[in-house]
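Here's the letter readout for the chains.
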Amino acid sequence: MSVGAPGGGAADRHLLDNPTWASLTGPHAHFAERHGNAVRYPDDVSPFYALPDDPGPADWNDLAVLAGPGATVPVAGAFPPPDGWEVVAQGVGVQMVGDDVAPAPDGEAVRLAAADVPEMLDLVERTQPGPFLPRTVDMGTYLGLRHDGALIAMAGERLHPPGWTEISAVCVDPAFRRRGLASRLVLAVAAGVRARGEIPFLHAVASNTGAIRVYEALGFRLRRMTTFAAVRVPAGVLSDARG
């Protein structure tokens, strides 16, 4: 997940600079597990945590309490961490917005639900599109394409800052790639997003140039470069200062 610090002053900031925070304190507040100013999704929904913009020592302490000693935490919108917090994973990514995307419902796409989760998890395991857990499907609409009854491609909705919806878990069975299935599903998910009056956005690893070219061809444009990172809670700062 992206963890780039928002740039500029408060007037220059945007909901998408800290999308997990905006989601968990907005439309996804019903998912939020919270301690002080640290929030997270339930651990069977999404691995992501968040802090407010410009977090101070008390906010990072809240995160330590919420996550627990030694936990590895993906945090959005609050990077770099204070001294003592180890960065255990880091990479460069892109955030793209789809205000110019022409959505297109797909008559063959089916709505995926809890009963489909075993197949969804299997497809994710084989294609590695990013984190997908047993209840990730509850975050929004997930659509799939089937061949002879088997799930061969899917895409869906993840983070939900006010007025925006992230398209995520875009994946295609290796035997069915290069047939435009991912593009069809992205546009179909985008159709649902736009029908609610919202704008789709997404994240991708910067080195995944093939996927980025596909998204650009669909009308997504680069909004910013960002950082994918995870930090480890130092046991030495763990204290419930808020009582």
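Everything numeric in this text was worked out from a predicted model, so none of it was measured. For every chain, the first residue of the written sequence is number 1, and numbering continues from 1 onward in sequence order. Totals for whole chains, interfaces and linings use all residues, but because this is a predicted model, local features are given only for residues with pLDDT of at least 70 and pairs of side-chain atoms are given and counted only at 80 or more. Based on all heavy atoms of the structure, the side-chain values leave hydrogens and waters out of the count.

K.L.:
Please clarify how helix 2 (residues 57-67) should be interpreted in this entry.
P.N.:
Along an α-helix, residues three or four positions apart point the same way, because every turn accommodates 3.6 residues. Note on exposure labels: buried denotes an accessible area under 20% of the residue type's maximum, exposed denotes more than 50%, and partly exposed covers the range between, all computed with a 1.4 Å probe on protein chains only. What counts as a helix is a DSSP run of H or I of at least four residues, what counts as a strand is a run of E of at least two, and both are numbered from the N terminus. Most of helix 2 is tucked away: eight of the 11 residues are buried. Among all positions of helix 2, only D59, W60, N61, D62, L63, A64, L66 and A67 are buried.

K.L.:
Is there a simple way to explain helix 5 (residues 209-218) in this structure?
P.N.:
Along helix 5, the residues classified as buried are A211, I212, Y215 and L218. Down the axis of helix 5, the sector holding all buried residues measures 120 degrees, keeping them to one side. Residues of helix 5 that are exposed and point more than 90 degrees away from the buried face comprise R213 and A217. Contacts: residue pairs with any heavy atoms within 4.5 Å of one another. Packed against the buried residues of helix 5 are strand 6 (86-97), strand 10 (164-172), helix 4 (181-195) and strand 11 (199-205). The directions considered for the arc run from the helix axis to the C-beta atoms.

K.L.:
Sorry, what's going on with the nonpolar core here?
P.N.:
Here is a general trend for soluble globular proteins: nonpolar side chains tend to be buried in one another's company. Here, nonpolar core means buried Ala, Val, Leu, Ile, Met, Phe, Trp, Tyr and Cys residues that are tied together by side-chain atoms lying within 4.5 Å of each other. Membership of the largest hydrophobic core comes to 28 residues, with the highest contact counts inside it found for Y215 and F220. Taken together, the elements giving at least two residues each to this core come down to strand 6, strand 8 (142-147), strand 9 (150-157), strand 10, helix 4, strand 11 and helix 5. Apart from residues no more than four positions distant in its own chain, F220 is found in contact with M96, V97, G98, V101, I167, V186, P200, F201, L202 and Y215.

K.L.:
Sorry if this is basic, but what is going on with the pattern of salt bridges here?
P.N.:
Side chains carrying opposite charge are able to pair once their charged atoms draw close together. In the sections that follow, a salt bridge refers to a side-chain nitrogen of Lys or Arg positioned within 4 Å of a carboxyl oxygen of Asp or Glu. Enumeration according to the criterion identifies 15 salt bridges in this entry. Residue E166 is joined to R158 by a salt bridge in which the shortest nitrogen-to-oxygen separation is 2.9 Å. Across the pair, R158 and E166 agree in class, each one buried. Across the salt bridge formed by R196 and E198, the nearest N and O atoms sit 3.1 Å from each other. Among the residues examined, R196 registers a relative accessible area of 39% and is labelled partly exposed. Bridged by salt links that share partners, the residues D44, R135 and D138 form one connected network.

K.L.:
What should I look at first to understand the pairing of strand 9 in this one?
P.N.:
Strand residues, when the strand is regular, have side chains that alternate between the two faces of the sheet. Judged by how many residues are buried, strand 9 sits mostly within the fold: seven of eight residues are covered. Any two strands with at least two DSSP-identified bridges between them are counted as paired. Hairpin connection between strand 8 and strand 9: a loop of two residues separates the two successive antiparallel strands, and D148 in this loop has a positive phi of roughly 50 degrees. Inspection of the sheet shows strand 9 paired to strand 10 by four bridges, in the antiparallel sense. Across the sheet, the residue bridging to E157 is I167, located in strand 10. Hairpin geometry of strand 9 and strand 10 is characterised by an intervening segment of six residues between the two adjacent antiparallel strands and by a positive phi of about 85 degrees at G163.

K.L.:
Help me understand the environment of V233, please; the structure alone is not making it clear to me.
P.N.:
Relative to the assigned elements, V233 resides in the segment after strand 12 (221-232). Spatially, the C-alpha atoms of V233 and P47 are 15 Å apart, while their sequence positions differ by 186 residues. Setting aside chain neighbours within four positions, we find V233 in contact with A64, A67, G68, P69, G70, A71, V73 and W85.

K.L.:
Help me understand the packing of helix 4 against helix 5 in this model?
P.N.:
Relative placement of two packed helices is described by the angle separating their axes and the distance separating the axes. Axis definition: a line fitted to C-alpha atoms, limited for helices to the stretch in contact. Angles are taken between N-to-C directions and run from 0 to 180 degrees. Axis separation between helix 4 and helix 5 bottoms out at 11 Å; the angle between their running directions is 50 degrees. The angle between helix 4 and helix 5 places the two elements in the oblique class. Between helix 4 and helix 5 lies a crossing of right-handed hand. Two secondary-structure elements touch here, helix 4 through S183, V186 and L187 and helix 5 through V214, Y215 and L218. Just so you know how the angles are binned, under 35 degrees is roughly parallel, over 145 roughly antiparallel, 65 to 115 roughly perpendicular, and the rest oblique. Put simply, a crossing is left-handed when the front helix is turned counterclockwise from the back one by less than a right angle, and right-handed when it is turned clockwise.

K.L.:
Honestly, the packing of aromatic side chains in this entry has me stumped. Any pointers?
P.N.:
Two descriptors summarise a pair of aromatic rings, namely the distance from one centre to the other and the angle between the planes of the rings. Only the six-membered ring of Trp is used, alongside the rings of Phe and Tyr, when aromatic pairs are assigned; centres must lie within 6.5 Å, and planes under 30 degrees apart are stacked while those over 60 apart are edge-to-face, with the rest tilted. In the structure shown here, the tally under the stated rule is five aromatic pairs. Taken together, a centroid distance of 6.3 Å and an interplanar angle of 85 degrees make the contact between W164 and F201 edge-to-face. In this pair, W164 is assigned in strand 10 and F201 in strand 11, connecting sequence segments 37 residues apart. For the pair Y215 and F220, a centre-to-centre distance of 6.1 Å together with 70 degrees between the ring planes defines the contact as edge-to-face. An identical accessibility class is assigned to Y215 and F220; each is buried.

Scope: geometric values only; no functional claims are made or implied.
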